[in-house]
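# Understanding the architecture of this molecule
Residue strings, one per chain:
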Amino acid sequence: MAQGQWTRRDFFMRSAAMGAIAIGGPTLLAACQSTGSGDTLTSAKDAKTIKIGIANEAPYGFADSSGNTTGEAPEVARAVFKGIGIDTVQASVVPFDQLIPALNAKQFDVVAAGMNITAARCKAALFSDPDYSALTALLVPKGNPQGIKNLADVASKGVKLAVLSAAVEKGYATGAGVSEGNIETLDTQDNMLRAVTTGRVYCAALTDISLKWLAQQNPDAGVEVTPGFTPTDNGQPVVSAGGFVFRQADTSLRDAFNQQLKTLHGNGQWLQIVQKFGFGQSNLPAAGLTTDKLCAA
């Protein structure tokens, strides 16, 4: 997200695709290829360079107003890869719903976009240990005149809801009883914001981290964020946790990444990295929360 005051131009134009960007390295062409045809970890360590994919979803991974790739996931990835001995991280921006297909097509080697770990996604790719956990929230008009507090309220009051394409919130909404006809799927956070501010939908669902960031970056948009809540599926609470994504064959890369990520979580460096993006101590994954459990849920 661009910093500073919200403007009409920012509102409609800010989320334009930024192409491929280098973090600590040279700018790339938008059509990038994988770092090597052999073992990805070995190739990346030899080249001291690795390629990641992001979706321009703030604050998880996005291009700022200067064209630099930043966000919670790219910054954590940079620290992890530095610990592995890989100095340069190069990023490509693709639509969220194309991140795993592009990863498997070897356009980049890691998804660093704060992607929720779900059973369906685990069938298509390999996830790291959980990097963070988050609650769900709703973006509503200032004052929340309908008094909507959660997805069950959205269902009972029959209001329209926006969700992000390929994100988990649509499943949470239908599971809470929101009708398909009242759900509008949009491609960017800015379009979700615009849908709420113009009254096209009453509210939009994402993680509380994303929506608080969106409201903070657009202080004049006339919206607010509900308190975070835990969604349910078949009456059972759903734990939302995100991680980094690898090709299924890249177990050595995933294992090396997990080792360094565990170090960052344990020594306090992770918290230092992520605080400026709205994350806090409460977003550290709970003890005992594992990718295996999330993939089996």
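So, a few notes on the structure that sits alongside this text. Worth saying up front: this structure is predicted, and the values here are computed from it rather than measured.

## Focus: the overall build of the protein chain
Check the secondary structure of the protein chain and you find 12 helices and 16 strands. By the burial criterion, 54% of the 297 residues in the protein chain qualify as buried. For the protein chain, the share of sequence-separated contacts (at least 6 apart) that also reach a separation of at least 24 residues comes to 74%. In the structure as shown, the protein chain presents an accessible area of about 12700 Å², 49% of it carried by carbon and sulfur atoms.

## Re unusual backbone geometry
Keep in mind that most residues, glycine aside, have a negative phi and that most peptide bonds are trans. Cis peptide bonds are those with omega within 30 degrees of zero, and the linkage from Ala 58 to Pro 59 qualifies with 0 degrees. Positive phi outside glycine occurs at Lys 48, with the angle close to 55 degrees. Inspection of the secondary structure assignment puts Lys 48 in the loop between α2 (40-47) and β2 (49-54). Among the residues examined, Lys 48 registers a relative accessible area of 41% and is labelled partly exposed. Positive phi values are uncommon outside glycine, yet Ala 166 reaches one of about 70 degrees.

## Let's talk about the packing of aromatic side chains
According to the stated counting rule, one finds 10 aromatic pairs in the structure shown. A centroid spacing of 5.6 Å and a plane angle of 85 degrees characterise the contact between Tyr 60 and Phe 279, whose relative ring orientation is edge-to-face. Highlighted residues: Tyr 60 in the loop between β2 and β3 (62-63) and Phe 279 in the loop between α11 (269-274) and α12 (291-296), separated in sequence by 219 residues. Judged by relative accessible area, Phe 279 falls into the buried class, the value being 4%. Ring centres of Tyr 132 and Phe 279 lie 5.6 Å apart, and the angle between their planes is 90 degrees; this geometry places the pair in the edge-to-face category. On the criterion of sequence distance, the pair formed by Tyr 132 in strand β8 (residues 132-133) and Phe 279 in the loop between α11 and α12 is long-range, its members being 147 residues apart. Members of the aromatic cluster, connected to one another through ring pairs, are Tyr 60, Tyr 132, Trp 270 and Phe 279.

## Observations regarding the state of the cysteines
Evaluated as defined, the whole model comprises one disulfide. Sulfur-sulfur distance for the disulfide between Cys 122 and Cys 295 comes to 1.9 Å. Its S-S torsion of approximately -65 degrees makes the covalent link between Cys 122 and Cys 295 left-handed. With a gap of 173 residues between them, Cys 122 in helix α5 (residues 119-122) and Cys 295 in helix α12 connect regions that are remote in the sequence. Note on Cys 122: relative accessible area 16%, which makes it buried.

## A few points about the pattern of salt bridges
In a structure, side chains of opposite charge can pair up when their charged atoms sit close to one another. Following the criterion strictly, the structure yields six salt bridges and no others. For Asp 255, the salt bridge identified is with Arg 254, shortest N-O distance 2.8 Å. Put simply, Asp 109, Arg 247 and Asp 250 are held in one network by salt bridges that share partners.

## Some details on the sheet that holds strand β9 (residues 136-141)
Read across the open sheet, the five strands follow the order β11-β10-β12-β9-β13; overall the sheet is mixed. The open sheet is flanked by β11 (183-186) and β13 (223-225), the only strands paired with a single partner. Each strand axis lies, on average, 30 degrees off the axis of its neighbour in the sheet, ignoring direction. On the sheet, helix α8 (residues 189-197) packs against β9, β10 (161-164), β11, β12 (203-207) and β13 and is oriented at approximately 150 degrees with respect to β12.

Calculation rules
Numbering of residues starts from 1 in every chain and runs along the sequence as written. Note on the predicted model: pLDDT of at least 70 is required for a residue's local features to be given, and 80 or more for side-chain atom pairs to be given and counted; whole-chain, interface and lining totals, by contrast, use all residues. Remark: hydrogens and water are excluded; side-chain values derive from all non-hydrogen atoms of the structure. Under the DSSP-based scheme used, a helix requires at least four consecutive residues in state H or I and a strand at least two consecutive residues in state E, with every element numbered from the N terminus. Type-normalised accessible area, obtained with a 1.4 Å probe on protein chains alone, sets the label of each residue: buried when under 20%, exposed when over 50%, and partly exposed for intermediate values. Contacts: residue pairs with any heavy atoms within 4.5 Å of one another. All accessibility values rest on the Shrake-Rupley procedure with a 1.4 Å probe; residue burial counts only the protein chains present in the view. Only the six-membered ring of Trp is used, alongside the rings of Phe and Tyr, when aromatic pairs are assigned; centres must lie within 6.5 Å, and planes under 30 degrees apart are stacked while those over 60 apart are edge-to-face, with the rest tilted. The term disulfide is used for any two cysteine sulfur atoms that are within 2.5 Å. For salt bridges, the criterion is a side-chain nitrogen of Lys or Arg within 4 Å of an Asp or Glu carboxyl oxygen. Strand pairing is assigned whenever DSSP detects at least two bridges linking the two strands. Where helices are involved, their axes are fitted lines through C-alpha atoms of the stretch in contact, as for all axes, and angles between N-to-C directions lie from 0 to 180°.

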